[in-house]
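Examination of the molecular architecture
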Amino acid sequence: MHEKIIILDFGSPTTQLIGRKIRELNTYCEIVPYNKFPYNDKTVKGVILSGSPFSVNDPDAFKTDLSTIRSYYPVLGICYGAQLIVQSSGGEIGKSSSREYDLARLRIPDHSDALLGNLPQDSQVWLSLSDNILRLPENFRIIASTEKVEVAGYKVEDEPTWGIQFHPESSHTEQGMQILDNFLTICGCQKDWTPASFIETTIKQLKEQLGDDKVILALSGGVDSSVTAVLLNKAIGKNLTCIFVDHGLLRKNEFEKVLADYQDMGLNVIGIDAKEHFYKALKGVTDPEKKRKIIGKGFIEIFEEEARKLKNIKWLAQGTIYPDIIESLSVTGTTIKSHHNVGGLPEKMNLKLCEPLRILFKDEVRRIGLALGMNPQLIYRHPFPGPGLGIRILGEITPEKVRIVQDADDIFISALHAADLYDKVWQAGAILLPVQSVGVMGDERTYENAIALRAVTSIDAMTADWARLPYEFLAKVSNDIIHKVKGVNRVVYDISSKPPATIEWE
């Protein structure tokens, strides 16, 4: 078992970012709700308390007894976590004179401190707090200040417990990674969590878990299911059967290209052309949520039909990743969404579930894929929605509309590759709008379709900004689409950010 850091989640929107930063330092960590600490886990080396949208003085604030945790493990409290330690130890927390959402310069009076002592004086940090520490308990000492915040950091005497009122996980904190690395050193972590170690351990665990059992996996063409397939193939070989369903809403020629890629990787893949099944089911449907449900239901029906043709299948494998697991529970322990990719199939087909990537973040999945020797083009493909072009065709879906958006999308994505812009955006695609506009083609007036182009930059898709693509590039793509895609006479570019918009249009 890997040694680990536990991050207690008090509801901060940056909790996952803390986890990702710890993983980048080659140390395994798990994020758990604030009231679900794994007391019986012998592999825990230290504990980080996250921030929170609450004030520790709020009657509904998330609270937990920290006495046992502080007795056994090094602890680092961040913002709310730091204030909770102070309050539960008899100190006082009160409102700041002004809300601090700003950059600040850190002053470090004690350079012998294990957490902050090796940081340069006057380094930049990101403060985000509406409360402040008004009074420290007697056995707490200040280890960092800023111009406006006297207690920017503290250490509990004779105890490996620290608190900081700034965000080391933020890219705006210049020495943030050094602070987290210092804490891992304090915890005695070996920092040996690497792609190679994960692959070796996971393949061994899969062999033990699955034995000679047969496994099925639904492939999507995306990185998560693809890396899952390669890992399983290395562990159980021919006992893995992959099913790749073409619902007719993939990108242009994607079914054939991806199927060929999978077969080149030595995977046992069954390709199913189910376009007509989905087109028939979607005929006349315009409501976005109904379209999603029809596509999801149709996928399950096709997958189940093909799976039942196979004999002695005992496991269903899925490309579930760690954010899916985290988001399946709120910090109160209440399920807010299911993370299962294919609904109730495991129970319906009496299959056991295998999720070898369930402890990885997306960027880690990519690192694992590269370490497995997979094609970088597959690893770094843009995210693509499960319903595919079904939510990029606004209104009713028809084969003709699919052709139009596939052709326009192909021109856009190919141009991004050719201009060396593909890897500079998180996600891009073409959307067919439910409007027609007047245009002029040659000597004739036209009344045809409008295409919207969408390209965004992001880190994790929680927020996204529209990509500032060069005007000359957009002009060429627009011209190519209008002249090469029959049925389109106007192209627009979406300059909305998330929030308030979403990345997809439906």
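Scroll up a little and you will see the structure.
First, a word on scope: everything that follows refers to the structure included in this document. Just so it is clear, the model here is predicted, and its values are computed rather than measured.

It is worth spelling out the pairing of strand β4 (residues 75–78) at this point. Neither face of β4 is left uncovered, since the one carrying Val75 and Gly77 and the one carrying Leu76 and Ile78 both have all their residues buried. Sheet analysis places strand β3 (residues 44–49) next to β4, joined by three bridges and oriented parallel. Looking at β4, one finds that valine 47 is bridged to valine 75. A crossover connection joins β3 to the parallel β4 through helix α2 (residues 67–72); in handedness this β-α-β unit is right-handed. Pairing analysis gives four bridges linking β4 to strand β9 (residues 161–164), with the strands arranged parallel. In the strand pairing of β9, glycine 77 is matched with glycine 163.

The description of an aromatic ring pair uses the distance of the two centres, along with the angle that the planes make with each other. Taken as a whole, this structure holds 16 aromatic pairs when the rule is applied. Geometrically, the ring pair formed by phenylalanine 10 and tyrosine 80 is tilted, given 5.3 Å between the ring centres and 45 degrees between the ring planes. Pair noted here: phenylalanine 10 is in the loop between β1 (4–9) and α1 (15–24) and tyrosine 80 is in helix α3 (residues 80–88), with a separation of 70 residues, a long-range link. You'll find phenylalanine 10 and tyrosine 80 in the same group, each marked buried. Here the aromatic cluster, defined as three or more aromatic residues joined through ring pairs, consists of Phe10, Tyr34, Phe54, Phe62 and Tyr80. For the cation-ring pair, lysine 155 lies above tryptophan 162, with the distance from its terminal atom to the ring centre recorded as 5.0 Å.

Reading across the sheet, the seven strands line up as β2-β1-β3-β4-β9-β8-β7 and stay open at both edges, with mixed pairing between neighbours. Of all the strands in the sheet, just β2 (29–33) and β7 (140–144) have a single pairing partner and so form its edges. Across the sheet, the axes of successive neighbouring strands diverge by a mean angle of 25 degrees, strand direction being ignored. In the packing of α1 onto the sheet, the strands contacted are β1, β2, β3 and β4, and the crossing angle to β2 comes to about 160 degrees. Most of the contacts of α3 go to β4, to which it runs at about 115 degrees, and overall it touches β3, β4, β7, β8 (153–156) and β9.

This next bit is on helix α15 (residues 471–484). Across its 14 residues, α15 extends 20 Å between first and last C-alpha, which sits within 8% of the 20 Å expected from 1.5 Å per residue. Regarding α15, the residues found buried are Phe473, Leu474, Val477, Ser478, Asp480, Ile481 and Ile482.

Moving on to the packing of helix α14 (residues 399–418) against α15. Put simply, α14 and α15 touch, their axes get as near as 10 Å, and they point 150 degrees apart. In terms of their interaxial angle, α14 and α15 are classed as roughly antiparallel. As α14 packs across α15, the resulting crossing turns out to be right-handed. Contacts between α14 and α15 pair Ala408, Ile411, Phe412, Ala415 and Leu416 from the former with Phe473, Val477, Asp480, Ile481 and Lys484 from the latter. When the residues that make up the contact of α14 with α15 are grouped by side-chain class, the tally is eight nonpolar, no polar and two charged.

By the element assignment, glutamate 3 lies in the segment before β1. Here glutamine 190 takes part through its backbone nitrogen, which lies 2.4 Å from a polar atom of the side chain of glutamate 3. Excluding residues within four positions of it along the chain, glutamate 3 makes contact with Tyr28, Thr43, Lys45, Gly188, Cys189, Gln190 and Lys191.

So, about the environment of isoleucine 22. With respect to the secondary-structure elements, isoleucine 22 resides in helix α1. Through-space distance from the C-alpha of isoleucine 22 to that of arginine 135 is 30 Å; in sequence the pair is 113 residues apart. Contacts of isoleucine 22, omitting those with residues within four sequence positions, involve Thr27, Cys29, Ile48, Leu180 and Leu184.

Each neighbour pair has its own omega, and for lysine 498 with proline 499 the value is -15 degrees, a cis peptide bond. With respect to the helices and strands, proline 499 occurs in the segment after β18 (488–493). Note the cis peptide between proline 499 and proline 500, where omega equals 5 degrees. Structurally, the position occupied by proline 500 is in the segment after β18. Notably, aspartate 158 is not glycine yet its phi reads approximately 55 degrees, a positive angle. Mapping aspartate 158 onto the fold places it in the loop between β8 and β9. According to the relative accessible area criterion, aspartate 158 is exposed, its value standing at 82%.

Taken in spatial order, the five strands of this open sheet run β12-β11-β10-β13-β14, and their pairing is parallel. Strands with a single pairing partner mark the edges of an open sheet, and in this sheet they are β12 (269–273) and β14 (352–354). Between one strand axis and the next, the sheet turns by 30 degrees as a mean value, whatever way the strands run. Bridge count between strand β11 (residues 240–246) and β12: five bridges; the pairing is parallel. Each bridged residue has a counterpart across the sheet, and for phenylalanine 244 the counterpart in β12 is glycine 271. Packing against the sheet, helix α6 (residues 223–236) makes contact with β10 (214–219), β11, β13 (313–317) and β14, and its axis sits at approximately 160 degrees to β10. Against the sheet, helix α7 (residues 254–264) touches β10, β11 and β12, its axis set at about 170 degrees to β12.

What counts, and at which threshold
Residues numbered from 1 in each chain as written. Predicted model: local features only at pLDDT ≥ 70, side-chain atom pairs only at ≥ 80, totals over all residues. Heavy atoms only, no water. Buried < 20%, exposed > 50% of the residue type's maximum accessible area, 1.4 Å probe, protein only. Helix = DSSP H or I, 4+ residues; strand = E, 2+ residues; numbered from the N terminus. Pairing = 2+ DSSP bridges. Right-handed = clockwise from strand over helix to strand, strands pointing away. Phe/Tyr/Trp six-rings, centres within 6.5 Å; stacked < 30°, edge-to-face > 60°. Lys NZ or Arg CZ within 6 Å of the ring centre and 35° of its normal. Axes fitted to C-alpha atoms, helices over the stretch in contact; angles between N-to-C directions. Contact = heavy atoms within 4.5 Å. Expected span 1.5 Å × (residues − 1). Parallel < 35°, antiparallel > 145°, perpendicular 65-115°, else oblique. Left-handed = near helix turned anticlockwise from the far one by under 90°. Nonpolar A, V, L, I, M, F, W, Y, C, P; charged D, E, K, R; others polar. Polar contact = N/O pair within 3.5 Å; in protein donor to acceptor, adjacent residues only side chain to side chain.

Honestly, that's just the spatial picture; any functional story needs more than this.
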